[in-house]
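Geometric and topological summary
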Amino acid sequence: MSKLVTIYGGSGFVGRYITQRMARAGWRVRVAVRRPNEALFVKPYGAVGQVEPVFCNIRDDASVAAVMQGADAVINCVGILAKSGKNTFEAIHVEGAERIARLAAQEGVARMVHISAIGADTAAASDYLRSKGEGEAAVLRHMPDAVILRPSVIFGTEDEFFNRFGAMTRKGPILPLVGAETKFQPVYVDDVAKAAELAATGAAAPGVYELGGPGVATLRQLMGLLLQEVYRRRIVIGLPFWLGGLIALGGDLVQGLSLGLISNKTLTRDQLRSLKVDSVVSAGAKGVADLGIEPANLETVLPEYIWRFRPTGQYDDITRSARQLRP
């Protein structure tokens, strides 16, 4: 019988790519999510019955253990960028990760893969990065042979990075940036998925891997590339962190006073603290080269999905070409 992998958060941005790869590798895939009916799109990733969405709440021991039964490997892709209600950084990144690892150890699961983030540090000023660091430590306490993947900002068709800024380019002649000089090393989502596949199938040695693409760029430089690809001219203004702090404070206050009914989707104070730390692969860290992965170039992939933010979308290239025709 084919081996079984349980992927927690297997229908999310990164999770769906891992799900596809594990299915193509011949594994049975159990996609553990809070809303299985909204994850039905993963079923065609494999043969009939090969990929199945199942209910799971990683805040509950019984729920996590139930979907782990009989698994040969588990992969944790669950993560949040901002806290909301009961889904706090502590509950998801620390307690949730620890719960999966603890139960995996009890069930005798052979391998565990945990998706973290570059900059994860138990002493970090940002709650996001601190909780990621504490989550890693909790995983390794129970599963010392786990593989931990720390990607930089991840790009791909469904990303929340370039798509978010692409939408901002539509709103006016100015593109304001907090942390304009912060450095990133964008990595393609399918390269992260390939790393997870290698780890889950035993083709990668246990340890921590920092995943970055072939190029390092500041946020300002990345926005320059984005503007070039969406054929828009915008004035890019780097805002000082103190001003970003006021914007973040206002957004957090509105969210707090509304009891969470109005989410701060602009910039939180914790996201501001994260922006003060470069998201690049550390010197001497194991990375994509150690996994035998040749990372995709951002310049090659970005045009494949960011075209929808061009003035006339998919027809923009045709329109621009037509203008050059002689009458």
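Our subject is the structure that appears above.
This section reports on the structure supplied with the text. (Residues numbered from 1 in each chain as written. Predicted model: local features only at pLDDT ≥ 70, side-chain atom pairs only at ≥ 80, totals over all residues. Heavy atoms only, no water.)

With that settled, consider the state of the cysteines. If you walk through the whole model with that rule in mind, you get zero disulfides. Of all cysteine sulfurs, the one in Cys-77 lies closest to Cys-56, which takes part in no disulfide; the gap is 12 Å. Cys-77 sits in the buried class, given a relative accessible area of 17%. (Disulfide = S-S within 2.5 Å. Buried < 20%, exposed > 50% of the residue type's maximum accessible area, 1.4 Å probe, protein only.)

For the pair helix α1 (residues 13–24) and helix α6 (residues 189–200), the least separation of the axes is 8 Å and the interaxial angle reads 55 degrees. In terms of their interaxial angle, α1 and α6 are classed as oblique. Here α1 and α6 pass one another in a crossing that is right-handed. On α6, the residues touching Phe-13, Val-14, Tyr-17, Ile-18, Arg-21 and Met-22 of α1 are Val-189, Asp-190, Val-192, Ala-193, Lys-194, Ala-196, Glu-197 and Ala-200. Split by residue class, the contact of α1 with α6 holds ten nonpolar, no polar and four charged. (Axes fitted to C-alpha atoms, helices over the stretch in contact; angles between N-to-C directions. Helix = DSSP H or I, 4+ residues; strand = E, 2+ residues; numbered from the N terminus. Parallel < 35°, antiparallel > 145°, perpendicular 65-115°, else oblique. Left-handed = near helix turned anticlockwise from the far one by under 90°. Contact = heavy atoms within 4.5 Å. Nonpolar A, V, L, I, M, F, W, Y, C, P; charged D, E, K, R; others polar.)

A word on the sheet that holds strand β11 (residues 207–211). Ordered in space as β3-β2-β1-β4-β5-β6-β11, the seven strands form an open sheet in which the pairing is parallel. The two strands at the open ends of the sheet, each matched to only one other strand, are β3 (51–55) and β11. Between one strand axis and the next, the sheet turns by 20 degrees as a mean value, whatever way the strands run. Sheet strands touched by helix α4 (residues 127–142): β5 (111–115) and β6 (147–151). Its angle to β5, the strand with the most contacts, is close to 175 degrees. (Pairing = 2+ DSSP bridges.)

A side chain of one charge can pair with a side chain of the opposite charge if their charged atoms are brought near each other. Applying the stated criterion across every chain yields a total of 15 salt bridges. Residues Arg-21 and Glu-197 are paired through a salt bridge, measuring 3.0 Å at the closest nitrogen-oxygen approach. With Arg-21 in helix α1 and Glu-197 in helix α6, this pair connects stretches of sequence that are 176 residues apart. For Glu-197, a relative accessible area of 17% gives the class buried. Ionic pairing is found between Arg-99 and Asp-61, a salt bridge with its closest N-O pair at 2.5 Å. Taken together, the positions of Arg-99 in helix α3 (residues 89–107) and Asp-61 in helix α2 (residues 61–66) put the pair 38 residues apart, joining distant regions of the chain. (Salt bridge = Lys/Arg side-chain N within 4 Å of Asp/Glu carboxyl O.)

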